There are 2 protein chains.
Amino acid sequence: MNSFTREQCADFDRLDELAEYRQQFDLEEGLIYMNGNSLGVLPKAAKDRVQEVVHEEWGRGLIRSWNTADWINLPNRVGDKIAGLIGAGEGEVVVADSTSVNLFKLAAAAVRMRQGRSKILSEPGNFPTDLYILQGLEKFQQGQVRLNTVNRNDILDAIDEDTALVVLTHVHYKSGDMFDMAAITQRAHEKGALVLWDLSHSVGAVPVQLNEAGVDLAIGCGYKYLNGGPGAPGFLFVAKRHQEQLEQPLSGWFGHANSFAMRDDYEPAPGIKRTLCGTTPVIGASLLEVGVDIMLSASMSRIREKSLQMGDLFIKLVEQRLSGFGFEIASSKDASIRGSQVSLIHEQGFAIMQALIARNVIGDFRAPNILRFGFTPLYLRYVDLWDCVDALVEIMEQEEWNRPEFKKLTAVT
Amino acid sequence: MNSFTREQCADFDRLDELAEYRQQFDLEEGLIYMNGNSLGVLPKAAKDRVQEVVHEEWGRGLIRSWNTADWINLPNRVGDKIAGLIGAGEGEVVVADSTSVNLFKLAAAAVRMRQGRSKILSEPGNFPTDLYILQGLEKFQQGQVRLNTVNRNDILDAIDEDTALVVLTHVHYKSGDMFDMAAITQRAHEKGALVLWDLSHSVGAVPVQLNEAGVDLAIGCGYKYLNGGPGAPGFLFVAKRHQEQLEQPLSGWFGHANSFAMRDDYEPAPGIKRTLCGTTPVIGASLLEVGVDIMLSASMSRIREKSLQMGDLFIKLVEQRLSGFGFEIASSKDASIRGSQVSLIHEQGFAIMQALIARNVIGDFRAPNILRFGFTPLYLRYVDLWDCVDALVEIMEQEEWNRPEFKKLTAVT
């Protein structure tokens, strides 16, 4: 195997067609940020936009901005833009609430559409909030439906005639492994079940073709690869063919056929709007739009290509320079089933990540022993990968991770 | 009855102890804003704060800000501050989600705590999203519980041994009429029922003493009298005594006992934190804190006093100057049962409000015929009331409302 040098990595950057996107983001000099899969960075344009929304739309326009700044259509406008990133159509996506709340809405609606079937299928180790929300649904539907988790390799076989809904995260948050969306969706449909995909680690990171794969329902996160800001609203997708049958329990006024007629009886809006609940978080949704606009302006296939090159390079650098230090590569080496991250396993993972962060290289740690490195092709450089691994080498060689300050637990996200 | 003059109103302003608060808000010169009960105005301090949160906490701190900027405790920190405005204790209030979503969480939890009882009681004409959410719960719980609405004067008598939960809006959004919170709560408890108060038109507007009244549960809005910004997160209250029994269906990872341990099984956090669901909307919650801080720095009893004086003055001005133009006062003239607004009924209400807005006096219209004027003592002046009524006089005398441009319907909030 050839040994890579930093100079070679710099060459990759010089040839990179996406390199110019980096200047659209507000990145601190000297910081290497490999945590865009947890919280994406600040687009420079978001600084102007937040000022416009707060000073002008709120400050000057006040209540009139529901019309004059079109706040009323924000969920649909930004949703339609996200649709373009995930192979969905106009009127199939809205921005609203959190990813967790959106999952509850759609999972409850799906179970209702498949009444009589008793099983929701997922995998152990799925992103925890997804399992928690499904457990909440199970408890509150009192025995009508139960959550069944089976290992990811057994999912296809576990889908049966009693399955109401399959809920999976397309790209696994820890390992970065990716499911075959089309194959699982097809099997589910053969058995009469519905499928709901969590796209939190997919949208803006890997190509997704919801309609091509025949997907029924999906949810996703706004603050990771979409760079929507901390706690940005989530989004949800409902295929057109299901919309008129869809009844979701969080039937708030923004999902009403005529929100401002102030009638006593709920009547769901036609189409995707019925999935809305309360008042739109205007500032959060407006900033999310900035991140989505940047993502839409780039080529998703080029993003994917660079992401996979980065993953391959990172794995090679780890193998080349970190062998003998006890790291194990947790992600698939087969690029075709890998999302936009590579995870390493190390028994001192927590302390190593703390030491890395102290050196201004930010990845993240997931209990009990996973070091996670996300690749965000719009603002990450090949040399950043080299420098990250270089820092890891020094941390291991000098046993920097063994310092007491890196071993104390703090809240980590 | 004495006739008031504009000069007298200006005298009231000169004597007003709260007058200096107006300078803390970013109000456009010449604008009279009587819609703070729908969307509060921009605090000047929010401009600096949003820049700090976006540029520094997000842009520079990135993922580290969950610890370094204490994002992780935002829901509790701002919640504890709101507690101080509604007579609640530390650890009884959090900021999260929308008001509608919060209602769903607490109403579902309450029904579970009173399993076996089949009735949720509310009033027809309650704020629509409250009824819609309760209808969603009813449908979703399939016959276990049904929503029963009775007229507000019959509520006390309608609470019976089959009532699981009473859900009422403390100050009515249209009329501004206020329920006797303590009396209804007491009656509910005598019958073994729980009570949930919607404080959306109360918090920051009228004194509320949740614990003194023995209230079980409450929700409220962040973007009205609290001036938290468009679509600001809502808040919720659970009395300490209920917290350890409370199980709510939206059991997302932020309500978990150990959110970042990433375990597969949901375990509710101790205390109020179990009512959280998804990731905190950081920017929205941070701006809400600015509004809450201003409100906390003012005397609630002085706010109430000024609010009532404003209501009385407004009613007198309407009676004095608008008689013969077909207005009817929809709010109670008894100040003790009136919130911080006065509503007028007029068959041409929509067009009149449009004409008023065109004159830079902003109230709002609620179908079918209600003109609503909110009093926000921290930034509204007595002369504003005079000028508002003066504009109404001109609109009626000159039949300005009859112009075609004021008659076409647009989305109104």
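Residues numbered from 1 in each chain as written. Chains lettered and ligands numbered in written order. Predicted model: local features only at pLDDT ≥ 70, side-chain atom pairs only at ≥ 80, totals over all residues. Heavy atoms only, no water.

The name recorded for chain A in an unreviewed UniProt entry is Kynureninase, from Marinobacterium stanieri. Under the heading Cofactor (unreviewed entry), UniProt records this for chain A: "pyridoxal 5'-phosphate". Comment text from UniProt for chain A, heading Subunit (unreviewed entry), reads "Homodimer." (UniProt positions renumbered as here; feature names shortened; annotations may be inferred.)

A few words now on the relation of the copies chain B and chain A. Both copies of the chain are related through a single rotation about an axis accompanied by a shift along the same axis. Between chain B and chain A, the superposition needs a rotation of 180° and an axial shift of 0.0 Å, giving an RMSD of 0.0 Å. Here the transformation between the copies is reduced to the relation of a two-fold axis. Most of the interface of chain B is mirrored in chain A: 99% of its interface residues are interface residues there too. (Least-squares fit on C-alpha atoms with pLDDT ≥ 70 in both. Contact = heavy atoms within 4.5 Å.)

Attention now moves to the side chain of B:Asp364. Residues and elements named next belong to chain B. Mapped onto the elements of the fold, aspartate 364 is located in strand 12 (residues 364–366). Residue class for aspartate 364 comes out buried when judged on its relative accessible area of 2%. Among the polar contacts made by the side chain of aspartate 364, one reaches the side chain of arginine 366 at a distance of 3.3 Å. (Helix = DSSP H or I, 4+ residues; strand = E, 2+ residues; numbered from the N terminus. Buried < 20%, exposed > 50% of the residue type's maximum accessible area, 1.4 Å probe, protein only. Polar contact = N/O pair within 3.5 Å; in protein donor to acceptor, adjacent residues only side chain to side chain.)

Residues and elements named next belong to chain A. Taking strand neighbours across the sheet as the criterion, the seven strands line up as 2-8-7-6-5-3-4 in an open arrangement whose pairing is mixed. In this open sheet, the two strands that pair with only one neighbour each are strand 2 (93–96) and strand 4 (146–149). Adjacent strand axes in the sheet meet at a mean angle of 20°, parallel and antiparallel pairs treated alike. Summarising the sheet, strand 3 (residues 119–122) and strand 4 pair through four bridges and their orientation is parallel. Within the sheet, the bridge partner assigned to serine 122 lies in strand 4 and is threonine 149. (Pairing = 2+ DSSP bridges. Axes fitted to C-alpha atoms, helices over the stretch in contact; angles between N-to-C directions.)

So, on to the sheet that holds strand 5 (residues 163–169) of chain B. Residue and element names in this part refer to chain B. Strand order in this open sheet of seven strands is 2-8-7-6-5-3-4, and the pairing throughout is mixed. Looking along the sheet, the strands with just one partner apiece sit at the ends: strand 2 (93–96) and strand 4 (146–149). The sheet shows a mean angle of 20° between the axes of neighbouring strands, taken without regard to direction. Across four bridges, strand 2 lies against strand 8 (residues 234–238) in antiparallel orientation. Paired with valine 94 across the two strands is leucine 236, which belongs to strand 8. Together, strand 2 and strand 8 form the strand contacts of helix 4 (residues 74–83), whose direction differs from that of strand 2 by roughly 125°. The sheet contacts of helix 8 (residues 181–190) involve strand 5 and strand 6 (194–198), and relative to strand 6 the element is tilted by about 155°.

Another aspect to go through is the UniProt feature "binding site: pyridoxal 5'-phosphate" (unreviewed entry) in chain A. All names here are of chain A. Under the UniProt annotation, "binding site: pyridoxal 5'-phosphate" (unreviewed entry) lies at Thr99, Ser100, Phe127, Pro128, Thr129, Asp130, Thr169, Asp198, His201, Tyr223, Trp253 and Thr279. These annotated residues cover 181 residues of sequence, and their C-alpha atoms reach 30.3 Å apart at the extreme, placing them across more than a single site. Looking at where aspartate 130 falls in the secondary structure, it is placed in helix 6 (residues 128–140). Not counting residues within four places of it along the chain, the set of residues in contact with aspartate 130 comprises Leu103, Thr169 and Asp198. With respect to the helices and strands, histidine 201 occurs in the loop between strand 6 (194–198) and strand 7 (217–220). The contact partners of histidine 201, leaving out residues within four places of it in the chain, are Asn37, Val171, Tyr173, Lys224, Tyr225, Gln341 and Arg372.

It is worth spelling out the pattern of salt bridges at this point. Residues and elements named next belong to chain B. Under the criterion given, the structure shown has 74 salt bridges over all chains. Of the charged contacts in the structure, one is a salt bridge between aspartate 390 and arginine 321, with a shortest N-O distance of 2.9 Å. Pair noted here: aspartate 390 is in helix 13 (residues 382–397) and arginine 321 is in helix 11 (residues 300–321), with a separation of 69 residues, a long-range link. According to the relative accessible area criterion, arginine 321 is partly exposed, its value standing at 23%. Among the salt bridges present, the one from arginine 359 reaches glutamate 394, with a minimum N-O distance of 3.0 Å. In this pair, arginine 359 is assigned in the loop between helix 12 (349–358) and strand 11 (361–362) and glutamate 394 in helix 13, connecting sequence segments 35 residues apart. Judged by relative accessible area, which is 29%, glutamate 394 ranks as partly exposed. (Salt bridge = Lys/Arg side-chain N within 4 Å of Asp/Glu carboxyl O.)

In the segment running from A:Ala367 into A:Pro368, the intervening peptide bond is cis, with an omega of 0°. Of note, A:Pro368 is situated in the loop between strand 12 (364–366) and strand 13 (370–374). Here the phi dihedral of B:Leu62 falls at roughly 50°; this positive angle occurs in a residue that is not glycine. When you line up the elements, B:Leu62 lands in the loop between helix 2 (44–61) and helix 3 (65–68).

Attention now moves to the packing of aromatic side chains. Applying the stated rule across the entire model yields 33 aromatic pairs over all chains. Note on B:Phe314 and B:Phe373: the rings are 5.0 Å apart at their centroids and 45° apart in plane angle, and the pair reads as tilted. Taken as a pair, B:Phe314 in helix 11 and B:Phe373 in strand 13 (residues 370–374) lie far apart in primary sequence, 59 residues in all. Here B:Phe373 falls in the buried class, since its relative accessible area comes to 0%. The structure contains a cluster of three or more aromatic residues connected by ring pairs, namely A:Trp66, A:Trp71, A:Trp253, A:Phe254, A:Phe260, B:Phe127 and B:Tyr173. (Phe/Tyr/Trp six-rings, centres within 6.5 Å; stacked < 30°, edge-to-face > 60°.)

The next subject is the nonpolar core. If you look at the biggest cluster of nonpolar residues, it comprises 235 residues, and the most contacted ones within it are A:Ile82, A:Ile86, B:Ile82 and B:Ile86. With near-sequence residues (within four places) excluded, B:Ile86 lies in contact with B:Val93, B:Leu199, B:Val203, B:Val208, B:Gln209, B:Leu210 and B:Phe235. (Core = buried A, V, L, I, M, F, W, Y, C linked by side-chain atoms within 4.5 Å.)

Turning next to the interface of chain B and chain A. The interface is formed by 89 residues belonging to chain B together with 89 residues belonging to chain A. With both chains or domains summed, chain B and chain A bury close to 7700 Å², and 63% of this area falls on carbon and sulfur atoms. Looking only at chain B, the three residues that lose the most surface to chain A are B:Trp58, B:Tyr132 and B:Phe140, adding up to 11% of its buried area. Our count for the chain B to chain A interface comes out at six salt bridges. Among the salt bridges present, the one from B:Lys139 reaches A:Glu247, with a minimum N-O distance of 2.5 Å. (Buried area = accessible area lost by both parts, 1.4 Å probe.)

It is worth spelling out the pairing of strand 3 (residues 119–122) of chain B at this point. All names here are of chain B. The alternating pattern of strand 3 places Lys119 and Leu121 on one face and Ile120 and Ser122 on the opposite face, and all of these are buried. Crossover connection from strand 3 via helix 6 (residues 128–140) to parallel strand 4: handedness right-handed. Summarising the sheet, strand 3 and strand 5 pair through three bridges and their orientation is parallel. Across the sheet, the residue bridging to lysine 119 is threonine 163, located in strand 5. (Right-handed = clockwise from strand over helix to strand, strands pointing away.)

Before going further, it helps to examine the environment of A:His201. Taking relative accessible area as the criterion, A:His201 reaches 2% and is therefore assigned buried. The spacing of A:His201 and A:Pro281 is 80 residues in sequence and 22 Å in space, taken between C-alpha atoms.

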